[in-house]
Amino acid sequence: GESVGLHLPTLSVQEGDNSIINCAYSNSASDYFIWYKQESGKGPQFIIDIRSNMDKRQGQRVTVLLNKTVKHLSLQIAATQPGDSAVYFCADFTGGFKTIFGAGTRLFVKA
Amino acid sequence: KAGVTQTPRYLIKTRGQQVTLSCSPISGHRSVSWYQQTPGQGLQFLFEYFSETQRNKGNFPGRFSGRQFSNSRSEMNVSTLELGDSALYLCASSGDGQNEKLFFGSGTQLSVL
């Protein structure tokens, strides 16, 4: 079946460094991906999305890269701050409401 | 614009009881979907409602049901609660649920004792 997975369950980075969170997907027909951030006690918040006609998209301090050849995407956070500490999910949104979510990577930012 | 509102934030129930959770979507959004989030299984899709109709359903038993009202507000019901139903239940809304990203509420944390 379809799946979306993240390579690491936790990631620890120093404040000010760049963070890279990886995600793999299995459905070669998938064409729309979203990254969500979930802080403790809150629901997931939209960070950035990317469609398959792009291989890179930038937001404020975040960049998503999509490699369709190996079915892999990554979220890069520049100059990571303590407020970035959260769980990050990649989601295959190709199916709309039946979005397939990855298990999540917990990002720890060390001061 | 107000976000997705879920009530209550916390619930404690005992096995065998039933529970009803409520979700108010973002104004103008017609699609409401529900997810169960647990540490072991992550986010799992329960069902989605659009214009008062259940449009799609995930792989959960019939004890899990829902409905949507004419104002797009939605409720989710779980009957005959089991210990394994303890989870964070998240509601998400979108304009049409097909091509628009989901906006999540803060969830209802359900504990079944």
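Coordinates for the structure precede this section.
Here's a quick rundown of the structure.

The rules behind each value
- Residues numbered from 1 in each chain as written.
- Chains lettered and ligands numbered in written order.
- Predicted model: local features only at pLDDT ≥ 70, side-chain atom pairs only at ≥ 80, totals over all residues.
- Heavy atoms only, no water.
- Pairing = 2+ DSSP bridges.
- Helix = DSSP H or I, 4+ residues; strand = E, 2+ residues; numbered from the N terminus.
- Contact = heavy atoms within 4.5 Å.
- Buried area = accessible area lost by both parts, 1.4 Å probe.
- Salt bridge = Lys/Arg side-chain N within 4 Å of Asp/Glu carboxyl O.
- Polar contact = N/O pair within 3.5 Å; in protein donor to acceptor, adjacent residues only side chain to side chain.
- Core = buried A, V, L, I, M, F, W, Y, C linked by side-chain atoms within 4.5 Å.
- Buried < 20%, exposed > 50% of the residue type's maximum accessible area, 1.4 Å probe, protein only.
- Axes fitted to C-alpha atoms, helices over the stretch in contact; angles between N-to-C directions.

A closer look at the pairing of strand E6 (residues 53-57) of chain B
For a regular strand, side-chain orientation follows a simple rule: the groups alternate between the two sheet faces.
All names here are of chain B.
Reasoning step 1: Bridge count for strand E5 (residues 42-50) against E6 is 4 bridges, and the pairing is antiparallel. In the strand pairing of E6, Glu-48 is matched with Asn-56.
Reasoning step 2: The antiparallel pairing of E5 with E6 creates a hairpin that spans 2 residues between the two strands, and Ser-51 there sits at a positive phi of about 50°.

Points about the interface of chain A and chain B
Reasoning step 1: Chain A puts 17 residues into the contact, and the matching count from chain B is 20 residues.
Reasoning step 2: Between chain A and chain B lies a buried interface of about 1500 Å² when both sides are counted; carbon and sulfur atoms form 61% of it.
Reasoning step 3: Scanning the region where chain A abuts chain B turns up 0 salt bridges.
Reasoning step 4: For the pair chain A and chain B, the number of links is 3 residue pairs in polar contact (both at pLDDT 80 or more).
Reasoning step 5: Sorting the residues of the side of chain A that touches chain B by element identifies strand E4 (32-38) and strand E5 (45-51) of chain A as the ones contributing at least two each.
Reasoning step 6: In terms of residue count, E4(A) provides more of the side of chain A that touches chain B than any other element does, 4 residues in total.

Observations regarding the nonpolar core
Reasoning step 1: B:Trp34, B:Leu46, B:Phe64, B:Met76 and B:Tyr89 are the most contacted members of the largest nonpolar core, which totals 21 residues.
Reasoning step 2: Elements represented by at least two residues in this core include exactly strand E3 (19-24), strand E4 (31-38), E5, strand E8 (74-78), strand E9 (87-94) and strand E11 (108-112) of chain B.
Reasoning step 3: Here B:Met76 is in contact with B:Val19, B:Thr20, B:Leu21, B:Trp34, B:Leu46, B:Phe47, B:Phe64, B:Ser65, B:Gly66 and B:Tyr89, once residues within four sequence places are set aside.
Reasoning step 4: A:Val13, A:Tyr25, A:Trp35 and A:Tyr88 belong to the second largest nonpolar core, which has 20 residues in total.

Things to note about the sheet that holds E8(B)
The strands that make up a sheet are held in pairs by hydrogen bonds between backbone atoms, and each pair lies either parallel or antiparallel.
Residue and element names in this part refer to chain B.
Reasoning step 1: In space, the 4 strands of this open sheet follow the order E1-E3-E8-E7, with antiparallel pairing throughout. If you trace the sheet from one side to the other, it starts and ends with strand E1 (5-7) and strand E7 (64-68), each paired once. Recorded for the sheet is a direction-independent mean angle of 20° between the axes of neighbouring strands.
Reasoning step 2: Judged from the 5 bridges that link them, E3 and E8 form a sheet pairing that is antiparallel. Each residue of the ladder has a partner; that of Cys-23, found in E8, is Ser-74.

Some points on the environment of B:Gln17
Residue and element names in this part refer to chain B.
Reasoning step 1: With respect to the element layout, Gln-17 can be found in the loop between strand E2 (10-13) and E3.
Reasoning step 2: Residue classification places Gln-17 among the partly exposed residues on the basis of a relative accessible area of 34%.
Reasoning step 3: With 51 residues separating them in the primary sequence, Gln-17 and Gln-68 have C-alpha atoms 22 Å apart.
Reasoning step 4: Among residues more than four places away in sequence, those in contact with Gln-17 are Val-78, Ser-79, Thr-80 and Leu-81.

Shape descriptors only; they carry no functional weight alone.
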